[in-house]
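Each chain is listed here by its residues.
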Amino acid sequence: MTRTIRRILGVVFWIALIVVAVQVSEPLRVSSSSEEITLANYLSGPSQEVTVEDPTHRLQIFDPVFFADSTGNWRQVAYVSEKSPGNTGNPLRLAWYASDLPASECQLFQYHDSGSLQNVVATLFPARKRQQIEDRIALAMRQHGEELTRAFVPLVRQSLEKSIPIVEEQFRESVRRHRDEIDGLADKWNDEIVDKRLIPLARREIMPIVREHGQPVAEDIGRELWDRASLWRFGWRALYDKAPLPRRNLVQQEWERFAEQEAVPVFEAHMDEIVVAVERTLRDVSGNHRVRGEITDVADQIAQDRETRQLVRTILKETLVDNDKLRAAWTEIWSSRQARIALDLASDRLEPIVRKIGDDLFGSREEGINPDFARVLRRQILGKDRRWIVAMRTGASSDRIELGRKPMPYPIVYLAGRDGVPTE
């Protein structure tokens, strides 16, 4: 083969390669964008290089820049092409290839998804989907709620009736086993809390409130009791009890008669005033910001104490988790024939709703993978779509990438459609 023929074949090969590349690039257009980004566009290089500052030092090379047009469709307009070493200023270089969107007219905001459970839940359950699931559940309960209630309420009632005595018994045994620890904490909190904080609080804040509302009623009751009390009747009976005479306890008998026939009617006559005084006292005590603040601080101090938390955790674990009698009672109830009938009924009635909710969350055979679920898979399994930048066309440029304040999902989900065109 001569050199001329080899040259002709080489030229033909490269022409054919370019034609194939152009044809392959056609299906890679993003259907939601106003400007079609093809492989040829990408290979032609960026239309602009933009240098910006990343104050968070979080962005990495190839992190994308997205822009939403007037119709709400997202497209990628740039990406991080270069990152300077070190943290001084942390300048980044963006390869900006959207010719219809000048970088000088955009402000940039960066977003980050840590992959935490909170972010996963927020991605899988946006407001629209939560409302959709709530509507499905409400519809199921309207259709089958009464029937399911009749089936499950007896089982729940049996569980509670058998559980309460078992829990009470185990709680007493656990407290008895840890009595020394409880007494030690009681002495500790009596010294640190009761003597040093609660008693001074009662003297300083609570007693004035009690005196303000309770003293007038107490004085009225006291005067009436004094008027009804007979010093003569108490006096001669006290002398008689001291004398060496056969009969005794006359003072005790007179006190019992006085309490029953004189004191009780007085208190009954003033019962409405007593109730009002107590209500006003409780209202003012609960409304006192110093009392509320001190009680809150005391509760926080007790809750933050390591020994107290550990003791409470141990008692609850022994009472509820490690309680073999409780597990045996629940197993007996929920494995009974009545429970199996109820569970079969719930399965028959709720399975269609559960399947629809599953389709809402994960997708279906007909519609494919749900975009929100795809976001979670790409982020949690593949480690992608963790960082991105949003360009907003405000007419004012910025050399600094600001931190996005409101949470948002990753703008574009890369899914293969039936015809091979990526869809959002």
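That block above? That's the structure.
This write-up is about the structure you can find in this document. Owing to the predicted nature of the structure, the values given are computational and were not obtained by experimental measurement.

The rules behind each value
Residues numbered from 1 in each chain as written. Predicted model: local features only at pLDDT ≥ 70, side-chain atom pairs only at ≥ 80, totals over all residues. Heavy atoms only, no water. Salt bridge = Lys/Arg side-chain N within 4 Å of Asp/Glu carboxyl O. Helix = DSSP H or I, 4+ residues; strand = E, 2+ residues; numbered from the N terminus. Buried < 20%, exposed > 50% of the residue type's maximum accessible area, 1.4 Å probe, protein only. Expected span 1.5 Å × (residues − 1). Arc of directions from axis to C-beta. Polar contact = N/O pair within 3.5 Å; in protein donor to acceptor, adjacent residues only side chain to side chain. Core = buried A, V, L, I, M, F, W, Y, C linked by side-chain atoms within 4.5 Å. Phe/Tyr/Trp six-rings, centres within 6.5 Å; stacked < 30°, edge-to-face > 60°. Pairing = 2+ DSSP bridges. Patch = residues over 30% accessible without salt bridge, like charges linked within 9 Å, V, L, I, M, F, W, Y side chains within 5 Å. Areas by Shrake-Rupley, 256 points an atom, 1.4 Å probe, with all protein chains shown as cover. Lys, Arg positive; Asp, Glu negative; His and termini not counted. Charge placed at Lys NZ, Arg CZ, Asp CG, Glu CD. Axes fitted to C-alpha atoms, helices over the stretch in contact; angles between N-to-C directions. Parallel < 35°, antiparallel > 145°, perpendicular 65-115°, else oblique. Contact = heavy atoms within 4.5 Å. Nonpolar A, V, L, I, M, F, W, Y, C, P; charged D, E, K, R; others polar.

## Let's talk about the pattern of salt bridges
For step 1, the next point in the chain: As enumerated under the stated definition, the model contains 24 salt bridges in all.
For step 2, the next point in the chain: Residues Glu 53 and Arg 400 are paired through a salt bridge, measuring 3.6 Å at the closest nitrogen-oxygen approach. Of this pair, Glu 53 sits in strand 1 (residues 48-53) while Arg 400 is found in the loop between strand 8 (387-393) and strand 9 (402-403), placing the two residues 347 residues apart along the sequence.
For step 3, the next point in the chain: Look at Arg 400 and you get partly exposed, because its relative accessible area is 33%.
For step 4, the next point in the chain: Here Glu 169 and Lys 325 are joined by a salt bridge, their closest N and O atoms 3.4 Å apart. Pair noted here: Glu 169 is in helix 4 (residues 127-177) and Lys 325 is in helix 11 (residues 324-334), with a separation of 156 residues, a long-range link.
For step 5, the next point in the chain: Each of the salt bridges in this network shares a partner with another, and the network as a whole consists of Glu 53, Arg 400 and Glu 402.

## A few points about helix 10 (residues 306-321)
For step 1, the next point in the chain: A rise of 1.5 Å per residue sets the reference length of helix 10, with its 16 residues, at 22 Å; its end C-alpha atoms lie 21 Å apart and thus fit the reference within 8%.
For step 2, the next point in the chain: Among all positions in helix 10, only Thr 308, Leu 311, Ile 315, Glu 318 and Thr 319 are buried. Projection of helix 10 onto a plane perpendicular to its axis shows the buried side chains occupying an angular sector of 105°, all on one side. Exposed residues on helix 10 whose side chains face more than 90 degrees from its buried face are Arg 306 and Val 321.
For step 3, the next point in the chain: Between the side-chain oxygen at the start of helix 10 and the backbone nitrogen of Glu 307 there is a gap of 3.3 Å, and the oxygen is on Asp 305.

## Overview of the nonpolar core
Considering soluble globular proteins, one finds that nonpolar side chains tend to be buried as a cluster.
For step 1, the next point in the chain: Core analysis: the biggest nonpolar cluster contains 19 residues, and Val 65, Val 77, Leu 94, Trp 96, Leu 108 and Ile 389 have the highest contact counts within it.
For step 2, the next point in the chain: Elements that contribute at least two residues to this core include exactly strand 1, strand 2 (64-68), strand 3 (74-83), strand 4 (91-96), strand 5 (106-112) and strand 8.
For step 3, the next point in the chain: Core analysis: the next-biggest nonpolar cluster, separate from the first, contains eight residues, Leu 148, Ile 333, Ala 342 and Ala 346 among them.

## Regarding the packing of aromatic side chains
For step 1, the next point in the chain: Tallied over the entire structure, the rule returns seven aromatic pairs.
For step 2, the next point in the chain: Both rings, one in Tyr 79 and one in Tyr 97, keep their centres 6.3 Å apart while their planes meet at 45°; by these two values the pair is tilted. One end of the pair, Tyr 79, is in strand 3; the other, Tyr 97, is in the loop between strand 4 and strand 5, and 18 residues separate them in sequence.
For step 3, the next point in the chain: When the centroid spacing of 5.9 Å and the interplanar angle of 15° are considered together, the rings of Tyr 111 and Trp 388 count as stacked. You can see Tyr 111 sitting in strand 5 and its partner Trp 388 sitting in strand 8, a full 277 residues away along the chain.
For step 4, the next point in the chain: We classify Trp 388 as buried; its relative accessible area is 1%.

## Focus on the environment of Pro 165
For step 1, the next point in the chain: Within the fold, Pro 165 resides in helix 4.
For step 2, the next point in the chain: The sequence separation of Pro 165 and Leu 326 amounts to 161 residues, and the corresponding C-alpha distance is 9.5 Å.

## Structural notes on the sheet that holds strand 4
For step 1, the next point in the chain: Strands sit in the order 1-4-3-2-8-5-9 across an open sheet of seven strands; the sheet is mixed. The two strands at the open ends of the sheet, each matched to only one other strand, are strand 1 and strand 9.
For step 2, the next point in the chain: Sheet topology places strand 2 next to strand 3; five bridges connect them, and they run antiparallel. From the neighbouring strand, Pro 64 faces strand 3, where its bridge partner is Tyr 79.

## Focus: a negative patch on the surface
For step 1, the next point in the chain: Taken together, the side chains of Asp 187, Asp 191, Glu 192 and Asp 195 define an acidic patch exposed on the protein surface.
For step 2, the next point in the chain: Position of Asp 187 relative to the elements: it lies in helix 5 (residues 179-228).

## Focus on the packing of helix 3 (residues 117-124) against helix 13 (residues 371-380)
For step 1, the next point in the chain: Contact geometry for helix 3 and helix 13: axes closest at 8 Å, N-to-C directions at 155°. Here helix 13 runs roughly antiparallel to helix 3, going by the angle between their axes. Packed against helix 3, whose contacting residues are Val 120, Thr 123 and Leu 124, the element helix 13 presents Asp 372, Phe 373, Arg 375, Val 376, Arg 379 and Gln 380 at the interface.
For step 2, the next point in the chain: When the residues that make up the contact of helix 3 with helix 13 are grouped by side-chain class, the tally is four nonpolar, two polar and three charged.

## Some words on helix 9 (residues 289-304)
For step 1, the next point in the chain: Here helix 9 is 16 residues long and its end C-alpha atoms lie 22 Å apart, about the 22 Å a rise of 1.5 Å per residue gives.
For step 2, the next point in the chain: For helix 9, every residue scored as buried is listed here: Val 291, Glu 294 and Val 298. All buried residues of helix 9 fall inside an arc of 70° around its axis, so they share one side. With respect to the buried face of helix 9, the exposed residues turned more than 90 degrees away are His 289 and Gln 304.
For step 3, the next point in the chain: Put simply, Asn 288 is the residue that caps the front of helix 9, since its side-chain oxygen is 2.9 Å from the backbone nitrogen of Arg 290.

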